[in-house]
Amino acid sequence: QVQLVESGGGLVQAGGSLRLSCAASGRTFSSYAMGWFRQAPGKEREFVAAISWSGGSTYYADSVKGRFTISRDNAKNTVYLQMNSLKPEDTAVYYCAADASFSGSQMRYWGQGTQVTVSS
């Protein structure tokens, strides 16, 4: 069982930055692939970024490539999402997810989400 708790969301102006954190419980965090997803009002949840268990491989949605960076610290059981050059269209609830292997929206464990609002 893995429990995930996101933090770091908030209100920021367009062009600004935020860093989201996702703290995981459980001894097996370092063996899990991790992902960030987001859901804007009235829209389906969408993939943002993912990282392999070792941190050696990362993947990004085209909409955030070059602006967002996913990373992890297995010693701290935490995965991060550094978000730069934020745009109003990045406004959403951001969720982290974990699974033995990356499985998109079928990831096994999910956090409760953290709100990110980007004002124009």
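Remember, it's a predicted structure, so these values are computed and weren't measured experimentally. (Residues numbered from 1 in each chain as written. Predicted model: local features only at pLDDT ≥ 70, side-chain atom pairs only at ≥ 80, totals over all residues. Heavy atoms only, no water.)

## A short note on unusual backbone geometry
Note on backbone geometry: most residues besides glycine have negative phi, and most peptide bonds are trans. For clarity, the threshold we go by: In this description a helix means any DSSP run of H or I spanning at least four residues, a strand means any run of E spanning at least two, and both kinds are numbered starting from the N terminus.
Within the chain, N77 stands out as a residue other than glycine whose phi angle is a positive 55°. Position of N77 relative to the elements: it lies in the loop between β7 (68-73) and β8 (78-83). Look at S85: it is not a glycine, yet its phi comes out positive at around 50°. In this fold, S85 is placed in the loop between β8 and β9 (92-99).

## Points about the packing of aromatic side chains
Put simply, the test is: A pair of Phe, Tyr and Trp rings is counted when the ring centres sit within 6.5 Å of each other, with Trp represented by its six-membered ring. The angle between the planes then sorts it: under 30 degrees is stacked, over 60 is edge-to-face, the rest tilted. Think of it in three bands: residues with accessible area under 20% of the maximum for their type are buried, residues over 50% are exposed, and the middle band is partly exposed, with areas taken using a 1.4 Å probe on protein chains only.
Within the structure shown, the criterion is met by five aromatic pairs. Measuring from centroid to centroid gives 5.9 Å for Y32 and Y109, while their planes differ by 80°, and the two rings are edge-to-face. Of the two residues, Y32 sits in the loop between β3 (18-24) and β4 (33-39) while Y109 sits in strand β10 (residues 109-110), which places them 77 residues apart along the sequence. Overall, the relative accessible area of 12% leaves Y32 in the buried class. The class for Y109 is buried, based on a relative accessible area of 7%.

## A closer look at the pairing of strand β11 (residues 114-119)
Side-chain positions along a regular strand alternate between the two faces of the sheet. Heads up, the condition is: In this analysis, strands are considered paired if DSSP registers two or more bridges between them.
Of the two faces of β11, only the one carrying T114, V116 and V118 is buried; Q115, T117 and S119 on the other face are not. With four bridges joining them, strand β2 (residues 10-13) and β11 adopt parallel strand pairing. The residue of β11 that forms the bridge with G10 is V116. In terms of strand pairing, β9 meets β11 through three bridges, oriented antiparallel. Looking across to β11, one finds that V93 is bridged to Q115.

## Structural notes on the pattern of salt bridges
Quick reminder of the rule: In what follows, salt bridge is the name for a side-chain nitrogen of Lys or Arg lying within 4 Å of a carboxyl oxygen of Asp or Glu.
Going through the model one piece at a time under the given rule, you end up with four salt bridges. Across the salt bridge formed by E46 and R38, the nearest N and O atoms sit 2.6 Å from each other. With relative accessibility at 35%, the residue E46 sits in the partly exposed group. By relative accessible area, R38 is classed as buried at 6%. Residues D90 and R67 are paired through a salt bridge, measuring 2.8 Å at the closest nitrogen-oxygen approach.

## Structural notes on the sheet that holds strand β1 (residues 4-7)
This is how it is decided: Comment: axis = line fitted to C-alpha atoms, over the contacting stretch for helices; angle = value between 0 and 180 degrees taken between N-to-C directions.
Across the sheet, which stays open at both edges, the four strands sit in the order β1-β3-β8-β7 with antiparallel pairing between neighbours. The sheet terminates laterally at β1 and β7, the two strands that pair on one side only. The mean angle between the axes of side-by-side strands here comes to 15°, regardless of whether they run parallel or antiparallel. Where β1 and β3 come together, four bridges link them in antiparallel fashion. Among the inter-strand pairings, S7 is bridged to a residue of β3, identified as S21.

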